[in-house]
Amino acid sequence: MKQNLFTIKRSLLTGAFFAIMSVAFVSCGGGGGSTSGSDSANNNASADDALIGAGSSFDNPLFSKQFAEYNKVGGLKVNYQSVGSGAGISQLTNKTVDFGASDAPMNGKQDSALTAPAIHIPITAGAVVLSYNLPEVKDTLMLSPEVLANIFLGTITKWNDPKIAAINKGVKLPATSIVIAHRSDGSGTSNIFTTYLSKVSADWNTKVGKGSSVNWPVGLGGKGNEGVAGLIKQTPGAIGYIELAYAIQNQMAYAKVQNKAGNFITPSIASVTAAANVQIPADSKISLTNTEATDGYPISGFSWVIIYKEQKYNSRTQERATSLLKLLSWMIHDGQQFSGALNYAPLSPAAVSVGDAILKSATYDGKAILQ
């Protein structure tokens, strides 16, 4: 019992550390540091030689690369705060950033808080993986929808539970207690994961539901994908949901998940691409979870950059608006070449086409910015 208390206390301290460290700043083109929050955004947003964005930590590894590469070809600096989708939407709502990034499209309540319409540009697709810390288990664990929901509901509490053992035959599972790691901030990654659980588990849908922020039945909270990855890595017996790139970069184990067709799927570029092979609506807002594709990974999702459709606000110049639209167009075209190496699925031609149409709808003083 003392050891368990020590482990939990250590995890909480670790979570606090990673929460502090999880505000990542990307300054492409070098030079200087940054502080996060609206004060920094207001200071930076006035200069036309740099754009500022905030939101999804799911996107952060890809954005870091894309913004650095765009600076080489376009000479534009992009300062990005990896503060979570909810915070990104909040900063966009307050007009303290040029763009927000989110792994969940804005909902009705968020839309109503805006003073003008916003548009969503699909920017990438990726996998939310179930990473776990079980050093003694050398085999890749397999998880079914039922088992996964019961783990996060807190009804399966030990790693050697018969329900886990039944789908991992031949694997010697320890009697270690399961420690849940989840997001503490408003998160599009949480929205992808809880939307999936709500689709596959009636109990989860009734007791917890879906959203960027939910009342978790059990577990420890970490801020950002970075914070949750830190909790998992530092806590024996932990399991949590993070973006695939974080698991790979940190050399963390992650599970195969059974999809709707009954196949246990390894999260990968190919399996996310299969899940994303769907018709994209004109507003680009679509969920990829619990895909019908037989080889698709079931906890996949699009991520979006969100901007105001009318770009003339807060004394913004036309030059600044044009720089933003050109950046976003590059990201969904040339910028996609950097996706695969970072374990994101490049946008499909259909998604790019929808993105192009959405970008062309953006205006400055009522006139289209991109022709």
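Residues numbered from 1 in each chain as written. Predicted model: local features only at pLDDT ≥ 70, side-chain atom pairs only at ≥ 80, totals over all residues. Heavy atoms only, no water.

**Observations concerning the sheet that holds strand 6 (residues 142-143)**
Note the cut-off: Any two strands between which DSSP finds at least two bridges are classified as paired. Only DSSP runs of H or I with at least four residues qualify as helices, and only runs of E with at least two residues qualify as strands; both kinds are numbered from the N terminus onward.
Judged by pairing direction, the sheet is mixed, and its three strands sit side by side in the order 6-11-12 without closing on themselves. Each end of this open sheet is capped by a strand with a single partner; those strands are strand 6 and strand 12 (264-265). Sheet analysis places strand 6 next to strand 11 (residues 256-258), joined by two bridges and oriented parallel. Paired with Met142 across the strands is Lys256, a residue of strand 11.

**Points about the side chain of Ser187**
Let me state the cut-off plainly: Each residue is placed in one exposure class: buried if its accessible area under a 1.4 Å probe, protein chains only, is under 20% of its type's maximum, exposed if it is over 50%, and partly exposed if it falls in between. Side-chain atoms alone can form a polar contact between residues adjacent in sequence; in general such a contact is a pair of N or O atoms within 3.5 Å, and within protein one must be able to donate a hydrogen while the other accepts it. Contacts: residue pairs with any heavy atoms within 4.5 Å of one another.
Tracing the backbone shows Ser187 in the loop between strand 7 (179-183) and helix 8 (188-200). By relative accessible area, which is 0% here, Ser187 ends up buried. At 3.1 Å, the side chain of Ser187 forms a polar contact with the side chain of Arg183. When neighbours within four sequence positions are excluded, Ser187 is seen to be in contact with Ser85, Gly86 and Ser212.

**Things to note about helix 3 (residues 60-74)**
Cut-off, in case you're wondering: In this analysis, the expected span of each helix is defined as 1.5 Å times one less than the number of residues it contains.
For helix 3, built from 15 residues, the straight-helix expectation of 21 Å at 1.5 Å per residue is met to within 8% by its first-to-last C-alpha distance of 20 Å. Of the residues making up helix 3, those classed as buried are Asn60, Pro61, Leu62, Phe63, Gln66, Phe67, Glu69, Tyr70 and Asn71. Where helix 3 terminates, the next one or two residues include Gly75, which has phi positive at roughly 70°.

**Re the packing of helix 3 against helix 13 (residues 318-332)**
Condition: To define axes, lines are fitted to C-alpha atoms, for helices over the stretch in contact only, and angles between the resulting N-to-C directions are given on a 0 to 180 degree scale. Take the far helix as the reference: if the near one is turned anticlockwise from it by less than a right angle, the crossing is left-handed, and if turned clockwise, right-handed.
Look at helix 3 against helix 13: their axes get within 11 Å of each other, and the N-to-C directions meet at 115°. The two elements helix 3 and helix 13 cross, and the hand of that crossing is right-handed. From helix 3, Phe63, Gln66, Phe67, Glu69, Tyr70 and Val73 reach across to helix 13, where they touch Lys326, Leu327, Trp330 and Met331.

**A word on the pairing of strand 5 (residues 118-132)**
In terms of burial, strand 5 is a largely internal element, 15 of the 15 residues being buried. Relative to strand 13 (residues 300-308), strand 5 is paired through nine bridges, and the arrangement is antiparallel. Within strand 13, the position partnered with Ala118 by the bridge is Tyr308. Bridge count between strand 5 and strand 9 (residues 238-243): five bridges; the pairing is antiparallel. Looking across to strand 9, one finds that Ser131 is bridged to Gly240. Across two bridges, the pairing between strand 5 and strand 10 (residues 253-254) is antiparallel. Bridge pairing in strand 10 places Ser131 opposite Tyr254.

**A few points about the environment of Ala68**
By secondary structure assignment, the location of Ala68 is in helix 3. Each C-alpha atom, one on Ala68 and one on Val78, is 8.2 Å from the other, the two residues being 10 residues apart in sequence.

**Considering the packing of helix 13 against helix 14 (residues 349-360)**
To keep things clear, this is the line we draw: In what follows, roughly perpendicular refers to angles from 65 to 115 degrees, roughly parallel to angles under 35, roughly antiparallel to angles over 145, and oblique to any angle outside these ranges. Polarity classes work like this: nonpolar for Ala, Val, Leu, Ile, Met, Phe, Trp, Tyr, Cys and Pro, charged for Asp, Glu, Lys and Arg, and polar for all others, with Gly in that last group.
It is the contact of helix 13 with helix 14, at a shortest axis distance of 10 Å, that shows an interaxial angle of 175°. Looking at the two axes, helix 13 sits roughly antiparallel to helix 14. Contacts between helix 13 and helix 14 involve Leu325, Leu328, Ser329 and Ile332 from the former and Val352, Gly355, Asp356 and Leu359 from the latter. Its residues placed into classes, the contact of helix 13 with helix 14 shows five nonpolar, two polar and one charged.

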